[in-house]
Amino acid sequence: MTNRVDLLKFYSAGRFDFDGLIMAIEELVSNVDGEQLMINYTEVNEILSGTNLKRNSAHGRILARALANLIFASAHRSSAEMSKQKPSRRQIDTVQRKYDSSMKLTDRVVDTMKLPININEILFAANREWDYALELSRKNGLRHREITVTELLPTTNCPHCNVETYQIGANHICGLCGAMV
Ligand SMILES: [Zn+2]
């Protein structure tokens, strides 16, 4: 079973519906019974091109991180909400560390008036989710032992062999002919 979230569903005309995403993550997490919670998300690039932000620009990078951060935060908060166990030191430390790094990310957003998308609101929503996650995980621990959040990048076919390429760093490589696509 893949727990996949298409982010474009929550984007429209310069606005990202962070509440909608939070609800979607909550629902997804509540359906995962095992110890491992894996969430894949897609379509960051589509949102970036909709807002005319380059992925490797300062704001493009912050937007990409803000979205990942919000998914991660909501996943932790939802997992803590489901949990009814004694928290371990490790769980609390993990959430604390992520909470701290989320706050640092927020500190880096400046000149908000010029942004083509509500990055700040996404970051504040993530911080609020981390706040809850921290508070709840101190009480309940986390329901899932491992929580991973991964961006699925679009795959490309090799123009020579027409097989799916695989990604190494920023490059797509064909496993048959070795071409970089
Ligand atoms: Zn090839």
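Look up: the structure comes first, before these words.
Here's a quick rundown of the structure. (Residues numbered from 1 in each chain as written. Predicted model: local features only at pLDDT ≥ 70, side-chain atom pairs only at ≥ 80, totals over all residues.)

The next point concerns the sheet that holds strand 5 (residues 146–151). In space, the 3 strands of this open sheet follow the order 1-4-5, with parallel pairing throughout. In this open sheet, the two strands that pair with only one neighbour each are strand 1 (4–6) and strand 5. On average, each strand axis in the sheet is tilted by 20° relative to the strand beside it, whichever way the strands run. Pairing of strand 4 (residues 36–42) with strand 5, which is carried by 6 bridges, proceeds in the parallel orientation. (Pairing = 2+ DSSP bridges. Helix = DSSP H or I, 4+ residues; strand = E, 2+ residues; numbered from the N terminus. Axes fitted to C-alpha atoms, helices over the stretch in contact; angles between N-to-C directions.)

Between helix 4 (residues 89–107) and helix 5 (residues 119–140), whose axes approach to 9 Å, the crossing angle comes to 160°. Taken together, the axes of helix 4 and helix 5 lie roughly antiparallel to each other. Pair helix 4 / helix 5 crosses with left-handed handedness. Contact residues: helix 4 offers Gln91, Ile92, Val95, Gln96, Lys98, Tyr99, Ser102, Met103, Leu105 and Thr106, while helix 5 offers Leu123, Ala126, Asn127, Trp130, Ala133, Leu134, Ser137 and Arg138. Residue composition of the contact of helix 4 with helix 5, grouped by class: 10 nonpolar, 6 polar and 2 charged. (Parallel < 35°, antiparallel > 145°, perpendicular 65-115°, else oblique. Left-handed = near helix turned anticlockwise from the far one by under 90°. Contact = placed C-beta atoms within 7 Å. Nonpolar A, V, L, I, M, F, W, Y, C, P; charged D, E, K, R; others polar.)

With that settled, the discussion passes to helix 1 (residues 18–30). The end-to-end C-alpha distance of helix 1, which contains 13 residues, comes to 18 Å, matching closely the 18 Å that a straight helix rising 1.5 Å per residue would cover. All of the buried residues along helix 1 are Phe18, Leu21, Ile22, Ile25 and Val29. Buried residues of helix 1, viewed axially, fall in a sector of 100°; they line one side. Exposed and facing more than 90 degrees away from the buried side of helix 1 are Asp19, Gly20 and Glu27. Check the buried side of helix 1 and you find it contacts strand 3 (15–16), strand 4, helix 3 (58–82) and helix 5. (Expected span 1.5 Å × (residues − 1). Buried ≥ 20, exposed ≤ 12 C-beta atoms within 10 Å, placed from the backbone. Arc of directions from axis to C-beta.)

Bringing helix 5 into the picture now. Its 22 residues place the ends of helix 5 31 Å apart at the C-alpha level, agreeing with the 32 Å of an ideal helix rising 1.5 Å per residue. The set of residues buried in helix 5 consists of Ile119, Ile122, Leu123, Ala125, Ala126, Glu129, Trp130, Ala133, Leu136 and Ser137. Within helix 5, the buried residues cover an arc of 155° as seen down the axis, which keeps them to one side. For helix 5, the elements touching its buried residues are strand 3, helix 1, helix 3 and helix 4. Gly141 sits one or two residues past helix 5 and shows a positive phi near 70°.

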